[in-house]
Amino acid sequence: QVQLVASGGGLVQAGGSLRLSCAASGRTINTYLMAWFRQAPGKEREFVAAISWSGGLYYADSAKGRFTISRDNAKNTVSLQMNSLKPEDTAVYYCAAKIGAYRSSPAAYDYWGQGTQVTVSS
């Protein structure tokens, strides 16, 4: 079992930045593909970014050029640096983990954190 705890959310003005962190426990995550998803009120959970065990990067179009996902296997953490934030980025952000190849569907992920709220004001 992998336990994930997301943190770093908050309220920020449009154009600002936030850095989300996801701390894993229970197992080392160095063999897991790690991802961030988000869910806005009334909307389905959507893929934001992922990083494979070997460092391969995957981004949603909405995140490309603004968000950067990274991992520190020694610290068992994954981060999401979010720059140039927009009001439409407002959502609860979740970290997730899976074994195997990249997938963008939330159903493919085995472990989830509790979510951290990001609110971007205009």
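One structure accompanies this document, and this report is about it. (Residues numbered from 1 in each chain as written. Predicted model: local features only at pLDDT ≥ 70, side-chain atom pairs only at ≥ 80, totals over all residues. Heavy atoms only, no water.)

Points about the side chain of Arg-71
Along the chain, Arg-71 falls in strand 7 (residues 67-72). A distance of 2.9 Å separates a polar atom in the side chain of Arg-71 from the backbone oxygen of Ser-52. Among the polar contacts made by the side chain of Arg-71, one reaches the side chain of Asn-73 at a distance of 2.9 Å. Not counting residues within four places of it along the chain, the set of residues in contact with Arg-71 comprises Ile-29, Asn-30, Tyr-32, Leu-33, Met-34, Ile-51, Ser-52, Trp-53, Thr-77 and Val-78. (Helix = DSSP H or I, 4+ residues; strand = E, 2+ residues; numbered from the N terminus. Polar contact = N/O pair within 3.5 Å; in protein donor to acceptor, adjacent residues only side chain to side chain. Contact = heavy atoms within 4.5 Å.)

Some thoughts on the sheet that holds strand 3 (residues 18-25)
Spatial strand order, 1-3-8-7: four strands in an open sheet with antiparallel pairing. Two strands bound the open sheet, and with one partner strand each, they are strand 1 (3-7) and strand 7. With direction set aside, neighbouring strand axes in the sheet form an average angle of 15°. By the bridge criterion, six bridges tie strand 3 to strand 8 (residues 77-82) in an arrangement that is antiparallel. Within the sheet, the bridge partner assigned to Leu-20 lies in strand 8 and is Leu-80. (Pairing = 2+ DSSP bridges. Axes fitted to C-alpha atoms, helices over the stretch in contact; angles between N-to-C directions.)

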